[in-house]
Amino acid sequence: MMRIGAMFSEVFGALFNKPRTQPYPVEKIPAPPRYRGKLVYNPETCTGCMLCVKDCPAEALELLVIDRKAKKFVMRYHSDRCVYCSQCVENCRFGCLEMSNDQWELAALNKEPFTIYYGKEEDVRTILEPAAAEQTEEPCTQPA
Ligand code: SF4
Ligand code: SF4
């Protein structure tokens with residue numbers, strides 16, 4: 001059992017020692033370069049090959065096809081299903097996917113922010129306008 005004198009010395013010592021914890025969220029230190037945060041998608045080089053969607057173990061990705069010939073795709077990413085395994089990044093041969101190391105504060109008070117639409121601005125707008133969305137093909141998801 002700790003003696004009372006030793007206990008006081010511990011307590012008073014702690015008052016003057018530098019904290020050993022990080023003062024988050026007041027101060028934020030950068031995440032390591034290989035940290036796996038939110039997935040990001042670059043539509044410029046996407047071919048619509050679907051490898052990322054098929055290989056995702058969490059069914060977190062859907063590829064919405066507006067016009068396959070014109071390579072107009074929108075990626076619907078469910079960040080609440082994602083297990084941040086990076087398999088989709090490894091599988092994409094065209095370098096369209098990356099796991100961000102600076103977007104990792106993903107907590108939210110409702111579900112809406114967990115469904116993320118990636119693509120060219122006009123394509124995302126097309127998907128989000130209900131009338132236009134009816135013109136698109138069925139979303140490409142994993143086979144049953
Ligand atoms: S990181 Fe893993 S779980 Fe998340 S979308 Fe990619 S393959 Fe799916
Ligand atoms: S694997 Fe890459 S190129 Fe293929 S659909 Fe996914 S993001 Fe597009």
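The numbers attached to residues start from 1 for each chain and follow its sequence in the written order. Starting at A for chains and at 1 for ligands, labels are handed out in the order in which the entities are written. Only residues with pLDDT of 70 or above have their local features reported here, since the model is predicted, and side-chain atom pairs are shown and tallied only from 80 upward, although totals for entire chains, interfaces and linings are computed over all residues. The side-chain numbers reported here are obtained from all heavy atoms of the structure, hydrogens and water having been left aside.

The protein carries the name 4Fe-4S ferredoxin-type domain-containing protein in an unreviewed UniProt entry, which gives Ornatilinea apprima as its organism.

Working definition: helices are DSSP H or I runs of at least four residues, strands are E runs of at least two. Numbering for both runs from the N terminus. Across its full length, the protein holds five helices and five strands. Taken from N to C terminus, the helices and strands of the protein fall in the order α-β-α-β-β-α-β-β-α-α. Across the 144 residues of the protein, 29% fall into the buried class. Contacts in the protein between residues far apart in sequence, at least 24 positions, make up 69% of those at least 6 positions apart. Note on areas: Shrake-Rupley with a 1.4 Å probe; residue coverage comes only from the protein chains shown. For the protein, the exposed surface amounts to about 10500 Å²; the carbon and sulfur share of it is 54%. Partly exposed residues are those whose accessible area sits between 20% and 50% of the maximum for their type, while under 20% is buried and over 50% is exposed, using a 1.4 Å probe and protein chains only. Contacts are assigned to residue pairs that have any heavy atoms within 4.5 Å of one another.

This brings us to the environment of R76. The topology assignment puts R76 in strand β3 (residues 72-78). By relative accessible area, R76 is classed as buried at 18%. Whenever a nitrogen or oxygen atom comes within 3.5 Å of another N or O atom, the pair is scored as a polar contact, on the condition that within protein one atom can donate a hydrogen and the other can accept it, and that pairs from neighbouring residues in sequence are kept only if both atoms are in side chains. A polar contact of 3.1 Å, which involves the side chain of R76, links it to the side chain of Y117.

The set of residues buried in helix α4 (residues 121-128) consists of D123, V124 and I127. Down the axis, α4 shows its buried residues gathered within 100 degrees of arc, on one side only. When we speak of the arc, we mean the arc of directions from the helix axis to the C-beta atoms.

The subject of this paragraph is the site of ligand 2. Near residues are defined by distance, with any heavy atom within 4 Å of the molecule or strand qualifying the residue. Around ligand 2, the surrounding shell consists of Y41, C46, T47, G48, C49, M50, L51, C52, C92, F94, C96 and L97. Residue classes in the shell around ligand 2 are distributed as 10 nonpolar, two polar and no charged. When residue character is reported, Ala, Val, Leu, Ile, Met, Phe, Trp, Tyr, Cys and Pro are called nonpolar, Asp, Glu, Lys and Arg charged, and the others, Gly included, polar.

This part is about the site of ligand 1. As a matter of local geometry, ligand 1 sits amid 13 residues, with C56, C82, C85, S86 and C88 nearest to it. A per-class count over the shell around ligand 1 returns 11 nonpolar, two polar and no charged.

Pairing between strands is defined by DSSP: at least two bridges between them are needed. The strand order across the open sheet built from three strands is β2-β3-β5, with neighbouring strands paired in antiparallel fashion. Looking at the sheet topology across the chains shown, the edges are occupied by β2 (61-67) and β5 (115-118). Across the sheet, the mean angle separating the axes of adjacent strands is 20 degrees when strand polarity is ignored. Two elements, β3 and β5, share four bridges in a ladder whose sense is antiparallel. Looking across to β5, one finds that M75 is bridged to Y118. Throughout, an axis means a line fitted to C-alpha atoms (over the contacting stretch in the case of helices), and angles, computed between N-to-C directions, take values from 0 to 180 degrees.

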